Amino acid sequence: MKRMLSGIKPTGRLHLGNYIGAISQFKKYQDEYEMFIFIANEHAITVPIEAKDLRKNTKDLIALYLACGLDPEKVTIFLQSDVPAHAQLGWVMICMSYMGELQRMTQYKDKTAKGETGVTAGLFTYPPLMAADILLYDPDYVPVGVDQKQHVELTRNLAERFNHRYSDTFKIPEPLTTKVGQKIFSLQDPEKKMSKSAADPKGTIDLLDDPAAARKKIMSAKTDSLGIIQFDPINQPGLANLLTIQSVLTNEPVESIVSRYEGKGYGELKKEIGQTVFDFLSNLQEKYNEILKSGKVEEVLKNGAEKASYIANKKIRKVYKKVGFTL
Ligand code: AMP
Ligand code: TRP
């Protein structure tokens, strides 16, 4: 079985776009790959974050992932900081990186270009830490959003550099950006991605939104004045977005939904989708609340850290020998 690894930053809350674009994909991958998913909490402190927020985000995120159907029997779920080998290999990777190549990384470049003050050294050295996160586990694939592809490219370069300078140690991973799920757009501005930072909260459905409020957001989603139900993302982006949401959440092909609605109005369609979203969120939140109460999060993390440490420690021992730390 091929191995896949991804890290998730514990910042903010998850929305329907995250579910459809990322989590529902992970759910499919867990049957096809040996999967590792970790919470990148060491990356989270590259920008200021209160300890209590970090703690809450971390716990919420894991509870939500489990509620969404990630199965800890199939996926190894763990915290980055529970496996010290990340920080250990991170340092080695920082020492393998050139200032010039890190200066070209977009997150750092964008922040400094905007003249932001208080940019930390951690933000600058975060890509080699990400390389360490990946290389410890020799994954075949790293599913990431397009914004992260550059970091996987750096990871490949650092792995090749290390393998060349010492000897063959790391597998060269492939970024996986193609197979990620559909993009979901803002319900109020269907030209823009649904996002947690969007100016209009009516455009984004949070996974922890009150289900009735979420239904209202669907009912008031922006569509068009053509009045024909068909899947046309160019001319009817709002409608296409709603059809995508309905299709992913119910597993019914878009064509089948469209044909059921031939000659009918948007209002009726929205009613059905509103109900789908209502049911989806109610069910999800019920599971989420149960998981939070049950102590499951702690148990999953403990087991995950054990499994991950076993693999990561073997790798870091190898690296320490090769660079000359082990006498
Ligand atoms: P972010 O919330 O931007 O950190 O993204 C976390 C994951 O969710 C990434 O894999 C993104 O590609 C995915 N994602 C975020 N927003 C959307 C969206 N509107 N539609 C589809 N996928 C998304
Ligand atoms: N940098 C990623 C993000 O901002 C999170 C991340 C950290 C990651 N380490 C990783 C993703 C390793 C994939 C593999 O979303």
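Above this text is the structure in question.
Presented here is an overview of the structure given in this document. (Residues numbered from 1 in each chain as written. Chains lettered and ligands numbered in written order. Predicted model: local features only at pLDDT ≥ 70, side-chain atom pairs only at ≥ 80, totals over all residues. Heavy atoms only, no water.)

1. A short note on the site of ligand 2
At step 1: Around ligand 2 sit 14 residues, and of these K9, Y126, M130, D133 and Q148 come closest.
At step 2: Contacts to ligand 2 include Y126, whose side-chain N or O atom sits 2.3 Å from a nitrogen atom.
At step 3: D133 places a side-chain nitrogen or oxygen 2.8 Å from a nitrogen atom of ligand 2.
At step 4: In the complex, 90% of the free accessible area of ligand 2, which totals 370 Å², lies under the protein chains.
At step 5: The class makeup of the residues in the shell around ligand 2 is eight nonpolar, four polar and two charged. (Near = heavy atom within 4 Å. Polar contact = N/O pair within 3.5 Å; in protein donor to acceptor, adjacent residues only side chain to side chain. Areas by Shrake-Rupley, 256 points an atom, 1.4 Å probe, with all protein chains shown as cover. Nonpolar A, V, L, I, M, F, W, Y, C, P; charged D, E, K, R; others polar.)

2. Observations concerning the packing of aromatic side chains
At step 1: Taken as a whole and assessed by the stated rule, the structure comprises eleven aromatic pairs.
At step 2: Taking the centre distance of 5.8 Å and the plane angle of 80 degrees together, the rings of Y33 and Y141 count as edge-to-face. Here Y33 is found in the loop between α1 (16-32) and β2 (34-39), whereas its partner Y141 is found in strand β4 (residues 141-143), with 108 residues between them in sequence.
At step 3: With 5.5 Å between their ring centres and 35 degrees between their planes, F36 and Y137 make a pair best called tilted. (Phe/Tyr/Trp six-rings, centres within 6.5 Å; stacked < 30°, edge-to-face > 60°. Helix = DSSP H or I, 4+ residues; strand = E, 2+ residues; numbered from the N terminus.)

3. Description of the site of ligand 1
At step 1: In the vicinity of ligand 1, the contacting residues are H15, G17, N18, G21, A22, Q182, K183, I184, K193, M194 and K196.
At step 2: Interatomic distance of 2.9 Å between a side-chain N/O atom of N18 and an oxygen atom of ligand 1.
At step 3: I184 places a polar main-chain atom, nitrogen or oxygen, 2.7 Å from a nitrogen atom of ligand 1.

4. Re helix α10 (residues 211-219)
At step 1: Taken together, the buried positions of α10 are occupied by P211, A214, K217 and I218. Each buried residue of α10 lies within a common arc of 110 degrees when the element is viewed along its axis, so the set occupies one face.
At step 2: Contacts made by the buried residues of α10 are with α11 (237-250) and α13 (266-294). (Buried < 20%, exposed > 50% of the residue type's maximum accessible area, 1.4 Å probe, protein only. Arc of directions from axis to C-beta. Contact = heavy atoms within 4.5 Å.)

5. Structural notes on the pattern of salt bridges
At step 1: One pass over the full model with this rule turns up 16 salt bridges.
At step 2: With a closest N to O distance of 3.8 Å, K52 and D53 form a salt bridge.
At step 3: Residue classification places K52 among the exposed positions, given a relative accessible area of 54%.
At step 4: Taking the relative accessible area as the measure of exposure, D53 reaches 33% and is therefore partly exposed.
At step 5: Note that D140 and K171 form a salt bridge whose closest N and O atoms lie 3.1 Å from each other. In this pair, D140 sits in the loop between α8 (126-135) and β4 while K171 sits in the loop between α9 (149-165) and β5 (174-176), placing the two residues 31 residues apart along the sequence.
At step 6: The class of K171 is partly exposed, set by a relative accessible area of 39%.
At step 7: In this structure, a network of salt bridges that share partners links the residues E153, R156 and E174. (Salt bridge = Lys/Arg side-chain N within 4 Å of Asp/Glu carboxyl O.)

6. Some words on the nonpolar core
At step 1: The biggest cluster of nonpolar side chains holds 56 residues, and the ones touching the most others in it are L16, L207 and V277.
At step 2: Looking at which element gives the most residues to this core, the answer is α13, with nine residues.
At step 3: Formed by 35 residues, the second largest nonpolar core is a distinct cluster that contains M93, M96, V144 and I316. (Core = buried A, V, L, I, M, F, W, Y, C linked by side-chain atoms within 4.5 Å.)

7. Structural notes on the packing of α11 against α13
At step 1: Between α11 and α13, the shortest axis-to-axis distance is 10 Å and the interhelical angle comes to 40 degrees. Here α13 runs oblique to α11, going by the angle between their axes. Viewed along their axes, α11 and α13 form a crossing whose handedness is left-handed. Note on element contacts: α13 touches α11 through Y266, L269, K270, E272, I273, T276, V277 and F280, opposite L239, L242, L243, I245, Q246, L249 and T250.
At step 2: Residues belonging to the contact of α11 with α13 are distributed by class as follows: ten nonpolar, three polar and two charged. (Axes fitted to C-alpha atoms, helices over the stretch in contact; angles between N-to-C directions. Parallel < 35°, antiparallel > 145°, perpendicular 65-115°, else oblique. Left-handed = near helix turned anticlockwise from the far one by under 90°.)

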